[in-house]
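Residue-level listing of the chains:
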Amino acid sequence: MIQWTDEQRALREALEDIGAALGEGHSERDQTAVFPHGQWKMLAGSDLFRAPFDQRWGGLGMDLPATMYLLEGLGYSCRDAGLNFSASTQLVSTGIPLHRFGSESLKARYLPSIVNGSSITAHAISEPDGGSDALNMRCTAVEADDSYILDGNKVFVTNAPVADLFTVYARTGDHPGPGSITAFLIERDTPGLVLGGKIEKMGLRSSPFAEVFLDRCRVPKENVIGRVGSGFWILDHVMKWEILCSFVINVGEMRSRLERTVAYARQRVQAGTPISKHQAISHRIVDMKVALETARMWLYHTAELVREGRDTTVEVAISKLLASEANLASALSAVQVFGGYGYTAEYGLEQELRNSVAGVIYSGTTEIQKNRIAAMLNL
Amino acid sequence: MSTIRELQEHITETYLPDVDPSELDRELDLLDSGVVDSLGVLRLIAWIDKRYGLALGNADVTLDDFRTISAISDLIDRERRPVARPM
Ligand SMILES: Cc1cc2nc3c(=O)[nH]c(=O)nc-3n(C[C@H](O)[C@H](O)[C@H](O)COP(=O)(O)OP(=O)(O)OC[C@H]3O[C@@H](n4cnc5c(N)ncnc54)[C@H](O)[C@@H]3O)c2cc1C
């Protein structure tokens, strides 16, 4: 297992210390579906958004596993899973591709405000006609003098209603293959970038998402991230970060849920015995523990391989599959152990169950992860 | 066996089972012709990691490095050379 440094431990402790305040009011926000701007400022004041970026942009220069270690602490201590999800989107959607692939001038212009959290970021990949088959996107970007003109619709764009900066993926080539997609960094006020209305959703309700319409949206060529036609390459890198960062948050959430479930099962007495003494209950809780530890090991193991630059297509897919399904199963088990109380809004477990469903859909559904593993097995 | 020949064999075996390896043009655009799709690129990366022990994740690699057999061969030669490169 990775040994964390004293500095990394201190950063995580500091984040966990504000976790309760970050999560305060999460039940009300779940009902009203309001983005917590106050808590966002508090989070920006911690060092979380700085973690993986170079010091010259205001970052802390931490590697992927260490960044995940902080995020796990956020998941453990903050009960607002929507805020946690928006925070992971902030880290990976624009900052990570810009940092790795962007030109120096683009980084100088945008990275400092992303790193200090004063600019909120989003990425627009999915379209109404295709999320799983995202590379077959319809949104086009056509060269025009010193710009590209973007036309198309994007859906389910997390953070969009509150975002200042968008990374939008669009088709620049006629061929259907992987070399025809390009990533663009677009400011919110750019003419032709129009946001759809608020979309009600099942869970993660304090993390808003929206449609993004691109209607003859002119984007200067210098706002291309990386090279023209390298969008697939960039997206592959971003998806690795997105999966590892957002699901390690779930690992933290699962640990918090496990602790609450153990405590409840030990004190809830039925027919003169704590329910934890019923093997049916204790085994269910053991399954929660095994799933949590398996997901954690896979996520950090994969992150170390990513850090070393190894091929990780299968490992990322397995990690995503395990962690998202583990979180869903753990939330369902917690509701069951709490019985009728688990079904009430008061304990927050029904909310956690609704939140956990998102994980088996975003960043590539369970079915798509299995397809990927099958393809890598040459099936 | 030369890297080009190994690549011709691997690509025909994996993506074009009906083609004779020696007939596969080393300059054919594998991406635009649809021989290698996005998952195919990831499978190539996995094969290169396994076959040559090359970790391409931190390398200065672009999609163009996977466009033709010649380009992939150049990439492998380049990454095999022990040069110091900023990460
Ligand atoms: C909470 C949340 C946040 C999101 N945030 C973002 C964001 O920030 N940016 C963004 O661009 N997108 C975002 N998405 C969109 C998300 O990536 C897509 O919803 C997802 O990729 C699935 O695409 P889809 O909804 O079009 O479903 P579809 O692709 O239509 O899939 C529908 C069903 O068919 C199955 N299916 C599809 N193709 C296959 C296949 N080949 N083999 C087997 N089964 C298949 C799927 O697994 C699924 O069960 C978000 C989604 C959610 C739920």
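Please refer to the structure higher up on the page.
For the structure given in this document, a descriptive report is provided here. Values in this document were obtained by computation on a predicted structure and should not be read as measured data.

1. Some remarks on the packing of aromatic side chains
Here's step 1: In this structure the tally under the stated criterion is 14 aromatic pairs over all chains.
Here's step 2: With a centroid separation of 4.2 Å and 15 degrees between ring planes, the pair formed by Trp4 of chain A and Tyr69 of chain A is classed as stacked. Of this pair, Trp4 of chain A sits in the segment before α1 (6-23) while Tyr69 of chain A sits in helix α4 (residues 64-77), and the two are 65 residues apart along the sequence.
Here's step 3: Using a relative accessible area of 9% as the deciding quantity, one classes Tyr69 of chain A as buried.
Here's step 4: Residues Trp233 of chain A and Phe66 of chain B carry aromatic rings whose centres are separated by 5.6 Å and whose planes lie at 40 degrees to one another, so their mutual orientation is tilted. Here Trp233 of chain A is found in helix α7 (residues 231-267), whereas its partner Phe66 of chain B is found in the loop between α2 (38-52) and α3 (69-80) on a different chain. Each member of the pair, Trp233 of chain A as well as Phe66 of chain B, carries the same accessibility label: buried.
Here's step 5: In textbook terms, an aromatic cluster arises when at least three aromatic residues are bridged by ring pairs, as seen for Tyr264, Phe338, Tyr341 and Tyr347 of chain A.
Here's step 6: The ring centre of Tyr69 of chain A lies 4.6 Å from the NZ or CZ of Arg12 of chain A, which sits over that ring.
Here's step 7: Lys201 of chain A extends its terminal NZ or CZ atom over the ring of Phe209 of chain A, reaching a point 4.9 Å from the ring centre.

2. As for the pattern of salt bridges
All names here are of chain A.
Here's step 1: Per the counting criterion, the structure on display carries 29 salt bridges over all chains.
Here's step 2: Here Asp129 and Arg138 are joined by a salt bridge, their closest N and O atoms 3.1 Å apart.
Here's step 3: Exposure remark for Asp129: the relative accessible area of 60% places this residue in the exposed category.
Here's step 4: You can call Arg138 exposed: its relative accessible area is 61%.
Here's step 5: By sharing partners, the salt bridges in this structure join Arg12, Glu16, Glu72, Lys289, Glu293 and Arg296 into a single network.

3. Some points on the interface of chain A and chain B
Here's step 1: The interface of chain A with chain B comprises 22 residues on the first partner and 25 residues on the second.
Here's step 2: For the pair chain A and chain B, the two sides together bury roughly 2000 Å², of which 60% comes from carbon and sulfur.
Here's step 3: Of all residues in chain A, Pro178, Trp233 and Arg310 of chain A bury the most surface against chain B, accounting for 28% of the area lost on that side.
Here's step 4: Linking chain A to chain B there are one salt bridge.
Here's step 5: Between Arg310 of chain A and Asp49 of chain B there is a salt bridge, with the nearest N and O atoms lying 2.6 Å from each other.
Here's step 6: Linking chain A with chain B are 11 residue pairs in polar contact (both at pLDDT 80 or more).
Here's step 7: Counting only elements with at least two residues in the side of chain A that touches chain B, the list comes to α7, α8 (279-307) and α11 (366-376) of chain A.
Here's step 8: Grouping the amino acids of the side of chain A that touches chain B by side-chain chemistry returns seven nonpolar, seven polar and eight charged.

About the cut-offs
- Residues numbered from 1 in each chain as written.
- Chains lettered and ligands numbered in written order.
- Predicted model: local features only at pLDDT ≥ 70, side-chain atom pairs only at ≥ 80, totals over all residues.
- Heavy atoms only, no water.
- Phe/Tyr/Trp six-rings, centres within 6.5 Å; stacked < 30°, edge-to-face > 60°.
- Helix = DSSP H or I, 4+ residues; strand = E, 2+ residues; numbered from the N terminus.
- Buried < 20%, exposed > 50% of the residue type's maximum accessible area, 1.4 Å probe, protein only.
- Lys NZ or Arg CZ within 6 Å of the ring centre and 35° of its normal.
- Salt bridge = Lys/Arg side-chain N within 4 Å of Asp/Glu carboxyl O.
- Contact = heavy atoms within 4.5 Å.
- Buried area = accessible area lost by both parts, 1.4 Å probe.
- Polar contact = N/O pair within 3.5 Å; in protein donor to acceptor, adjacent residues only side chain to side chain.
- Nonpolar A, V, L, I, M, F, W, Y, C, P; charged D, E, K, R; others polar.

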